[in-house]
Amino acid sequence: MPVKVNLPLRAEAVSKLKSGDSVLLSGPMYVARDAAHRRMKELLDNNEQLPFNIEGQTIYYMGPTPAPPGRVIGSAGPTTSGRMDSYAPLLISHGLKGMVGKGMRSQAVKDAIIRYKAVYFAATGGAGALISCSIKQAEVVAWEDLGAEAVRKIVVENFPVVVINDVYGGDLYREGKAAWKVIEK
């Protein structure tokens, strides 16, 4: 049975999540990819404010396709999270509580998740059209010049994800590989 979690994330909700949990997210979150992360890092490095309050927020690593008629967003599948690994620890240290993407994270990101009590979720790659049905609102909030990589605020309802990395050091990718090694013997 999936765990229902309301956004923005609170420390109590994050502490209850364990790697492997199926989760349905509902509420506001932000969308940003590589170029937007680079700009956020530059702002923070210069002691400037981000274009949104990052405290307790979740960032979805995604660049949507244009919205078809009658829809708020086009296909909205996750991008590879590793491309944001050089930026994530800094953002987590400034209050980011959740990240959604696909693929494994670096040790530095996993360490920041544990230290600052955050969580990394995976969304299903290749299911962008289906995932977009969970997105009820979408608006560009910063850097429109980046096109699909602009920062967007989206509102989701029952957005399906799985906890990959939790505050306790759980890592579903590592645990899954270990389980299959036992079966192979």
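Let us look at the structure shown here. (Residues numbered from 1 in each chain as written. Predicted model: local features only at pLDDT ≥ 70, side-chain atom pairs only at ≥ 80, totals over all residues. Heavy atoms only, no water.)

**Describing the overall build of the protein chain**
Item 1. If you tally the helices and strands in the protein chain, you get six helices and seven strands.
Item 2. The linear arrangement of helices and strands in the protein chain, starting from the amino end, is β-α-β-α-β-α-β-α-β-α-β-β-α.
Item 3. Compactness check: the protein chain gives a C-alpha radius of gyration of 16 Å against a globular reference of 16 Å for 185 residues, within 12% of the reference.
Item 4. In terms of overall dimensions, the protein chain has C-alpha extents of about 55 × 40 × 30 Å along its principal axes.
Item 5. Here the protein chain holds 185 residues, and 46% of them are scored as buried.
Item 6. The long-range fraction of contacts in the protein chain, counting pairs at least 24 apart against all pairs at least 6 apart in sequence, stands at 63%.
Item 7. Summed over all atoms, the accessible surface of the protein chain reaches about 9,100 Å², with 52% contributed by carbon and sulfur. (Helix = DSSP H or I, 4+ residues; strand = E, 2+ residues; numbered from the N terminus. Rg over C-alpha atoms; globule rule 2.2 N^0.38 Å. Buried < 20%, exposed > 50% of the residue type's maximum accessible area, 1.4 Å probe, protein only. Contact = heavy atoms within 4.5 Å. Areas by Shrake-Rupley, 256 points an atom, 1.4 Å probe, with all protein chains shown as cover.)

**Overview of the pairing of strand β5 (residues 119-122)**
Item 1. The alternating pattern of β5 places V119 and F121 and Y120 and A122 on opposite faces, both of which are buried.
Item 2. Relative to β5, strand β4 (residues 98-101) is paired through four bridges, and the arrangement is parallel. Its bridge partner being in β5, V100 is matched across the sheet by F121.
Item 3. Once the chain exits β4 it traverses helix α4 (residues 107-116) before rejoining the sheet at β5, and the crossover so formed is right-handed.
Item 4. Sheet topology note: the β5/strand β7 (residues 151-165) ladder contains three bridges and is antiparallel. When the bridges of β7 are listed, F121 appears paired with V163. (Pairing = 2+ DSSP bridges. Right-handed = clockwise from strand over helix to strand, strands pointing away.)

**Considerations on the side chain of D171**
Item 1. Inspection of the secondary structure assignment puts D171 in the loop between β7 and α6 (172-184).
Item 2. Here D171 falls in the buried class, since its relative accessible area comes to 6%.
Item 3. Among the polar contacts made by the side chain of D171, one reaches the main-chain amide nitrogen of Y173 at a distance of 3.0 Å.
Item 4. Apart from the residues within four sequence positions on either side, D171 is in contact with S19, K110, I164 and N165. (Polar contact = N/O pair within 3.5 Å; in protein donor to acceptor, adjacent residues only side chain to side chain.)

**Remarks on unusual backbone geometry**
Item 1. A cis geometry characterises the amide bond from L7 onward to P8, with omega recorded as 0 degrees.
Item 2. Topologically, P8 is positioned in the loop between β1 (3-6) and α1 (11-16).
Item 3. At N47, a position not held by glycine, the phi torsion is positive, near 55 degrees.
Item 4. Mapped onto the elements, N47 comes out in the loop between α2 (34-45) and β3 (58-60).
Item 5. You can call N47 exposed: its relative accessible area is 74%.
Item 6. Here the phi dihedral of N158 falls at roughly 50 degrees; this positive angle occurs in a residue that is not glycine.
Item 7. Tracing the chain through its elements places N158 in strand β7.

**Some thoughts on α2**
Item 1. Taking 1.5 Å per residue, 12 residues should reach 16 Å; α2 reaches 16 Å between its end C-alpha atoms and fits that length.
Item 2. Every buried residue of α2 is listed here: D34, A35, A36, H37, M40, L43 and L44.
Item 3. Looking at the packing, one finds that the buried side of α2 touches β3, α3 (88-93) and β7. (Expected span 1.5 Å × (residues − 1).)

**Some points on the side chain of D85**
Item 1. Tracing the backbone through its elements, the reader meets D85 in the loop between β3 and α3.
Item 2. Among the residues examined, D85 registers a relative accessible area of 13% and is labelled buried.

**Remarks on the pattern of salt bridges**
Pairing is possible between side chains that carry opposite charge, provided their charged atoms lie close to one another.
Item 1. Scanning the entire structure with this criterion turns up seven salt bridges.
Item 2. In this structure, the salt-bridge partner of D34 is R33, at a minimum N-O distance of 4.0 Å.
Item 3. Residue D171 pairs with K110 through a salt bridge whose shortest N-O separation is 2.9 Å. You can see D171 sitting in the loop between β7 and α6 and its partner K110 sitting in helix α4, a full 61 residues away along the chain. The pair formed by D171 and K110 is uniform in burial state, with each residue classed as buried.
Item 4. Residues joined in a network through salt bridges with shared partners are R33, D34 and R83. (Salt bridge = Lys/Arg side-chain N within 4 Å of Asp/Glu carboxyl O.)

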